[in-house]
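Observations on chain architecture
The chain contents come next:
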Amino acid sequence: MAGAGGGNSDVQWCFSQVKGAIDDDVAEADIISTVEFNHSGELLATGDKGGRVVIFQQEPESKNQPQCRGEYNVYSTFQSHEPEFDYLKSLEIEEKINKIRWLPQKNAAQFLLSTNDKTIKLWKISERDKRPEGYNLKEEDGRYRDLNTVTTLRVPVFRPMDLMVEASPRRVFSNAHTYHINSISVNSDCETYLSADDLRINLWNLEINDRSFNIVDIKPTNMEELTEVITAAEFHPNQCNTFVYSSSKGTIRLCDMRASALCDQHAKQFEEPEDPNNRSFFSEIISSISDVKFSHSGRYMMTRDYLSVKIWDLNMESRPVETYQVHEYLRSKLCSLYENDCIFDKFECCWNGNDSVVMTGSYNNFFRMFDRGYRQDVTLEASRENSKPRSVLKPRKVSTGGKRKKDEISVDSLDFNKKILHTAWHPLDNIIAVATTNNLYIFQEKLN
Amino acid sequence: MIATTAMEVNAEARRILAVSISKLYASRSQRGGLRLHRSLLLSLVMRSARDIYHSSREIEMPSAVQPTPEPMETSSSSPAGEQIVPEPQPELQTSEEPESGDEGCEEGDITEDKENMSPTKQSRKRRGKAAAAPDFLPIKRARLEPGEERHAAPHCRGAESLSALSLNLNRAIAAF
């Protein structure tokens, strides 16, 4: 099976680029913590544990190489968040970027929201490629001339200069979250956005940074009765009044902001009953949803729990319409995965541009694609060994039975330190960005 | 055959509990502070393990059936007095004593248990759920507090500590 993607079973994926350090000794600050394409796909942003944001820009397609879509090169790098200290609680606030979300482009500048555990920032990324020249008010060394010596009025002229990309923080939204922020989502009205922590969801206006509205609060009066937390939240892509949030219990609640100011009462609750045969010590952990994403159409949503990806039809709450097993062979290994902490890993998932294929990461630097229409799935690997330009990725297979075939890898040989938690799919083309621990791989569809 | 399986399950439950407690300990010192989601998941696993542990013990010792863990805990703590840790094989001892009205004063006994703890354990400062953990961990503090007796059988202390632990777990989440 060649591949899966774009609703066409013949799609093959090729290596395009890899960004990041080559050496095996990974600096903690370089660990990639979020990846996001902007709405046109021209820009690709990554956030890391060190609080930095790196934005890559796609080069325009060259006429010389019509087989390749443009490469992504560094466009801007800036320090978004710094480590902070909460003196009241004696706690350090990590600078790690949890999420980046792009705003739809309205003018020449680009805007994105980036967040760490406690503070959200709105960044403006703008280009400067001209500067005014010809002032006659200063000497060569920069000192102001004595105005009595200035006899002519000279109007400065804009002259081209080397492109400079500037990132400036336009808004800082802070002090609204007691718990750790896990999600941000821009509303389709382009005026508001939500931020979610473990127990609360707040609604912000992009222009107003000193006030937010609390729209969901699941904190129990008595914290000893706490049974679930919010794990992810997202606005509907088209309906500005609708959003969903997922919980650690495996449920998703859809809320309508028109119903009331506080959306504690959900409009819909999506939950699949647990299979009693699969009950174990770790059932609760593996049913916790780590990511929720609406399809581009807004008709479906996808959730990721530890072992599977589920597609839900918004019109049906009782069970998902599709379930894909990401790495079912891990079900018998849950105890070891608990001991080495891997069971707490939060994998994300994403849709392709036309909602026909979904993708998510796994261990051993494997990532999986599920073609919904053709009912095919493929496992691919992001590794330096397969990084010759335009080399086609070979499908990988994990052997689950006793007999291991050639080219298959056994479950016990999987490297659980090499995990792909963050992936992103270009909104229009078959270009994907896959983050390993500290490297960003870009793969493209093979074009003939 | 059933007893062997119960023993295995028991051992597994204990092991998972030990692992969970050390994770809780470790999470206290991680950057960014305690993560509520992770702490909640850990406490759920511990609760499952504790329930399995108790039910497998009931299978092991059918003569010493105690329907709920709370009476076991309170009856062991009330005669404990200054001792934080009861004698070895406390389950057998307590099961032979008739229980009456203990469930009613469960809250009070737990309070008493807390009061009888050594000063270092009963710190006014909220330490989080791990404060109740030390008994169950293989790693022990080097020093002894006055009135505390060290016991060489950590696995026997397990049962009481488990119940106390999960209750303190809830309180710790509340503190967080």
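Quick caveat: nothing in here was measured; it's all calculated off a predicted structure.

This part covers the overall build of chain A. The helix and strand inventory of chain A stands at two helices and 32 strands. Its C-alpha atoms give chain A a radius of gyration of 24 Å, near enough to 22 Å, the size a compact globule of 448 residues would have. If you line up chain A on its principal axes, its C-alpha atoms span 90 × 60 × 40 Å. Residue burial in chain A is summarised as follows: out of 448 residues, 52% are buried. Restricting the contact set of chain A to residue pairs at least 6 apart, pairs at least 24 apart contribute 55%. Looking at chain A, you have 55 positive and 67 negative side-chain charges, and the mean spots of the two groups are 4 Å apart.

Below, the discussion takes up the overall build of chain B. Counting secondary structure elements, chain B contains six helices and zero strands. Every one of the 176 residues in chain B was classed for burial, and the buried ones make up 51%. Taking the intrachain contacts of chain B between residues at least 6 apart in sequence as the baseline, contacts between residues at least 24 apart amount to 76%. Entry remark: accessible area of chain B is about 8800 Å², with carbon and sulfur atoms responsible for 55%.

The next subject is a nonpolar patch on the surface. Residue and element names in this part refer to chain A. A surface patch of nonpolar side chains, amounting to about 500 Å² of accessible area, comprises Tyr-135, Leu-137, Tyr-144 and Leu-147. As for its placement among the helices and strands, Tyr-144 is situated in the loop between strand 10 (120-133) and strand 11 (157-173). When its relative accessible area of 65% is taken as the criterion, Tyr-144 is described as exposed.

A few words on the pattern of salt bridges. Where charged atoms of side chains with opposite charge meet at close range, the side chains can pair. A complete count under the given rule lists 37 salt bridges over all chains for this structure. We note a salt bridge from Glu-207 of chain A to Arg-171 of chain A, for which the minimum N-O separation is 2.6 Å. With Glu-207 of chain A in the loop between strand 14 (200-205) and strand 15 (208-217) and Arg-171 of chain A in strand 11, this pair connects stretches of sequence that are 36 residues apart. Taking the relative accessible area as the measure of exposure, Glu-207 of chain A reaches 56% and is therefore exposed. Here Arg-38 of chain B makes a salt bridge to Asp-341 of chain A, at a shortest N to O gap of 3.1 Å.

Listed by partner, the interface residues are 28 residues for chain B and 29 residues for chain A. Taken together, the two surfaces of chain B and chain A that pack against each other cover about 2700 Å², and 62% of this comes from carbon and sulfur. The largest contributions to the chain B side of the interface with chain A come from Arg-31, Leu-36 and His-37 of chain B, which together make up 25% of the buried area. Linking chain B with chain A are seven salt bridges. The salt bridge partner of Glu-95 of chain A is Arg-31 of chain B, with a shortest N-O separation of 2.8 Å. At the boundary of chain B and chain A, one finds 14 residue pairs in polar contact (both at pLDDT 80 or more). For the side of chain B that touches chain A, the secondary-structure elements that each account for two or more residues are helix 1 (2-28), helix 2 (36-60) and helix 6 (154-175) of chain B. Examining the composition of the side of chain B that touches chain A, we find that eleven residues originate from one element, helix 2 of chain B, more than from any other.

All names here are of chain A. A large share of strand 18 (residues 252-256) lies buried, amounting to five of its five residues. Neither face of strand 18 is open: one carries Ile-252, Leu-254 and Asp-256, the other Arg-253 and Cys-255, and all of them are buried. Here strand 17 (residues 242-247) runs beside strand 18; their pairing, made up of five bridges, is antiparallel. From the neighbouring strand, Val-244 faces strand 18, where its bridge partner is Leu-254. Where strand 18 meets strand 19 (residues 268-270), three bridges bridge the pair, whose relative direction is antiparallel. Bridging from a neighbouring strand, Ile-252 pairs with Phe-270 of strand 19.

To continue, consider the sheet that holds strand 23 (residues 322-325) of chain A. The strands that make up a sheet are held in pairs by hydrogen bonds between backbone atoms, and each pair lies either parallel or antiparallel. Residues and elements named next belong to chain A. With respect to topology, four strands assemble into an open sheet ordered 20-21-22-23, the strand pairing being antiparallel. What marks the edges here is a single partner per strand, and that holds for strand 20 (291-294) and strand 23. Within the sheet, the average angular offset between the axes of one strand and its neighbour, ignoring direction, is 15 degrees. As paired elements, strand 20 and strand 21 (residues 300-304) share four bridges and run antiparallel to each other. In the sheet register, Lys-293 faces strand 21, and the bridge partner there is Met-302.

Residue and element names in this part refer to chain A. An order of 2-3-4-5 is seen for the four strands of this open sheet, with the pairing classed as antiparallel. Of all strands in the sheet, those bounded by a partner on one side alone are strand 2 (32-37) and strand 5 (72-79). Averaged over neighbouring strand pairs, the angle between their axes works out to 20 degrees when direction is ignored. The pairing of strand 2 with strand 3 (residues 43-48) spans five bridges and is antiparallel. Bridge pairing in strand 3 places Glu-36 opposite Ala-45.

All names here are of chain A. Tracing the sequence through the fold places Ile-230 in strand 16 (residues 230-235). Relative accessible area serves as the criterion here: at 1%, Ile-230 is assigned to the buried category. With near-sequence residues (within four places) excluded, Ile-230 lies in contact with Asn-182, Ala-196, Asp-197, Asp-198, Leu-199, Arg-200, Ile-201, Val-216, Ile-218, Tyr-245, Ser-246 and Ser-247.

Turning our eyes to something else, we now look at unusual backbone geometry. Residue and element names in this part refer to chain A. Of note, Asn-175 is a non-glycine position whose phi angle comes to about 60 degrees, a positive value. For Asn-364, which is not glycine, the phi dihedral falls at a positive 60 degrees. When you line up the elements, Asn-364 lands in the loop between strand 25 (357-361) and strand 26 (366-371).

Atomic detail in the predicted coordinates should be set aside for any region of low pLDDT. Residue and element names in this part refer to chain B. Per-residue confidence for chain B gives a mean pLDDT of 58, with 31% of residues at or over 70. Helix 2 holds the highest mean pLDDT among the elements of chain B, 87, whereas helix 4 (residues 90-96) holds the lowest, 36. Contacts of residues 127-141 to residues separated by more than four positions or lying in other chains number 42 contacts, the stretch itself having pLDDT below 50. Counting interchain partners and residues more than four positions distant, the pLDDT-below-50 stretch residues 147-163 has 44 contacts. This prediction of the complex comes with two scores: 0.80 for pTM and 0.89 for ipTM.

All names here are of chain A. Going through the model one piece at a time under the given rule, you end up with 21 aromatic pairs over all chains. Where Phe-15 meets Phe-443, the ring centres are 6.3 Å apart and the plane angle is 70 degrees; that geometry is what we call edge-to-face. One end of the pair, Phe-15, is in strand 1 (residues 13-19); the other, Phe-443, is in strand 32 (residues 440-445), with 428 residues separating them in the sequence. Like Phe-15, the residue Phe-443 is buried in the burial classification. A centroid spacing of 5.9 Å and a plane angle of 10 degrees characterise the contact between Tyr-441 and Phe-443, whose relative ring orientation is stacked. Taken together, Phe-15, Phe-367, Tyr-441 and Phe-443 form an aromatic cluster joined through their ring pairs. Between Arg-372 and the ring centre of Tyr-300, over which it is positioned, the NZ or CZ distance is 4.6 Å.

About the criteria used
- Residues numbered from 1 in each chain as written.
- Chains lettered and ligands numbered in written order.
- Predicted model: local features only at pLDDT ≥ 70, side-chain atom pairs only at ≥ 80, totals over all residues.
- Heavy atoms only, no water.
- Helix = DSSP H or I, 4+ residues; strand = E, 2+ residues; numbered from the N terminus.
- Rg over C-alpha atoms; globule rule 2.2 N^0.38 Å.
- Buried < 20%, exposed > 50% of the residue type's maximum accessible area, 1.4 Å probe, protein only.
- Contact = heavy atoms within 4.5 Å.
- Lys, Arg positive; Asp, Glu negative; His and termini not counted.
- Charge placed at Lys NZ, Arg CZ, Asp CG, Glu CD.
- Areas by Shrake-Rupley, 256 points an atom, 1.4 Å probe, with all protein chains shown as cover.
- Patch = residues over 30% accessible without salt bridge, like charges linked within 9 Å, V, L, I, M, F, W, Y side chains within 5 Å.
- Salt bridge = Lys/Arg side-chain N within 4 Å of Asp/Glu carboxyl O.
- Buried area = accessible area lost by both parts, 1.4 Å probe.
- Polar contact = N/O pair within 3.5 Å; in protein donor to acceptor, adjacent residues only side chain to side chain.
- Pairing = 2+ DSSP bridges.
- Axes fitted to C-alpha atoms, helices over the stretch in contact; angles between N-to-C directions.
- pLDDT = per-residue confidence, 0-100.
- Phe/Tyr/Trp six-rings, centres within 6.5 Å; stacked < 30°, edge-to-face > 60°.
- Lys NZ or Arg CZ within 6 Å of the ring centre and 35° of its normal.

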